[in-house]
Amino acid sequence: VLRQSQTALQADLSRVQDEAARERSVLDLLTASDTVKVTLVSGASRPVPEGRAFYHLRKGLIFYASNLPVLPSNRTYQLWLVPAAGNPISAGVFRVDARGNGQVLLPNLPPDVTAKAFAVTLEPAGGVPQPTGPKVLIGAVS
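The structure contained in this document is the topic of the report that follows. All of these numbers come straight from a predicted model, not from anything done at the bench. (Residues numbered from 1 in each chain as written. Predicted model: local features only at pLDDT ≥ 70, side-chain atom pairs only at ≥ 80, totals over all residues. Heavy atoms only, no water.)

### Observations concerning the overall build of the protein
- Broken down by element type, the protein carries one helix and eight strands.
- In sequence order, the protein lays out its α and β elements as α-β-β-β-β-β-β-β-β.
- Counting only C-alpha atoms and orienting by the principal axes, one finds that the protein spans roughly 60 × 35 × 30 Å.
- Residue burial in the protein is summarised as follows: out of 142 residues, 34% are buried.
- Considering only intrachain contacts with a sequence separation of at least 6, the fraction spanning at least 24 residues in the protein is 57%.
- Roughly 8,500 Å² of accessible area belongs to the protein as shown, and the carbon and sulfur atoms make up 56% of that amount.
- Side chains of the protein carry 14 positive and 10 negative charges; the gap between the two charge centres is 5 Å. (Helix = DSSP H or I, 4+ residues; strand = E, 2+ residues; numbered from the N terminus. Buried < 20%, exposed > 50% of the residue type's maximum accessible area, 1.4 Å probe, protein only. Contact = heavy atoms within 4.5 Å. Areas by Shrake-Rupley, 256 points an atom, 1.4 Å probe, with all protein chains shown as cover. Lys, Arg positive; Asp, Glu negative; His and termini not counted. Charge placed at Lys NZ, Arg CZ, Asp CG, Glu CD.)

Here's what the structure looks like:
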């Protein structure tokens, strides 16, 4: 019984340490002076759907979207990093809540990729390897 309790406590400690490390990574990325901040917009509707990308070559990507329409269960939003050279790189899929808010936090991306732009497309549930659906948000890195 004591060994089981110790094992459970070690697992809990490991989980808390992982969560703390992830939160430190988010804060570090957001506060780094060389993090690129990109606003993605659509001019077609009110309130205007919008996305904000915070990207750092070595620290990662944080993306927040607001005012996007809720999608049926067979569709999803997919975020893309558009590199300076080569094909778009999927940064993950996301759904939005009832108010149209969604996010992608620290997706696994290839290291040191220079971003030219970010885009969000409408895709089948689960996402696709390369964009196929319409672009709903796009923002160039400036």
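That was the structure; now back to the text.
### Observations regarding the packing of aromatic side chains
- Tallying each qualifying case throughout the model produces three aromatic pairs.
- Taken together, a centroid distance of 5.5 Å and an interplanar angle of 65 degrees make the contact between Y55 and F118 edge-to-face. With Y55 in strand β2 (residues 50-56) and F118 in strand β7 (residues 115-124), the pair connects residues that are 63 residues apart, well separated along the chain.
- Residue Y55 is classed as buried on the basis of its relative accessible area, which comes to 5%. (Phe/Tyr/Trp six-rings, centres within 6.5 Å; stacked < 30°, edge-to-face > 60°.)

### Notes on the nonpolar core
- Counting 22 residues, the largest nonpolar core has L40, F63, Y77, L79, F94, F118 and V120 as its most contacted members.
- Ranked by residue count, the leading element in this core is β7, at four residues.
- Apart from residues no more than four positions distant in its own chain, F63 is found in contact with L40, G51, R52, A53, L79, F94, G102, Q103, V104, V120 and L137.
- Of all hydrophobic cores here, the second largest spans five residues; its members include V26, L29, F54 and I62. (Core = buried A, V, L, I, M, F, W, Y, C linked by side-chain atoms within 4.5 Å.)

### Re the pattern of salt bridges
- All told, the structure shown has four salt bridges when counted by the stated rule.
- The salt bridge partner of D34 is R58, with a shortest N-O separation of 4.0 Å. You can see D34 sitting in the loop between α1 (2-31) and β1 (36-41) and its partner R58 sitting in the loop between β2 and β3 (60-66), a full 24 residues away along the chain.
- Exposure remark for R58: the relative accessible area of 61% places this residue in the exposed category. (Salt bridge = Lys/Arg side-chain N within 4 Å of Asp/Glu carboxyl O.)

This is a description of form; function is not addressed.
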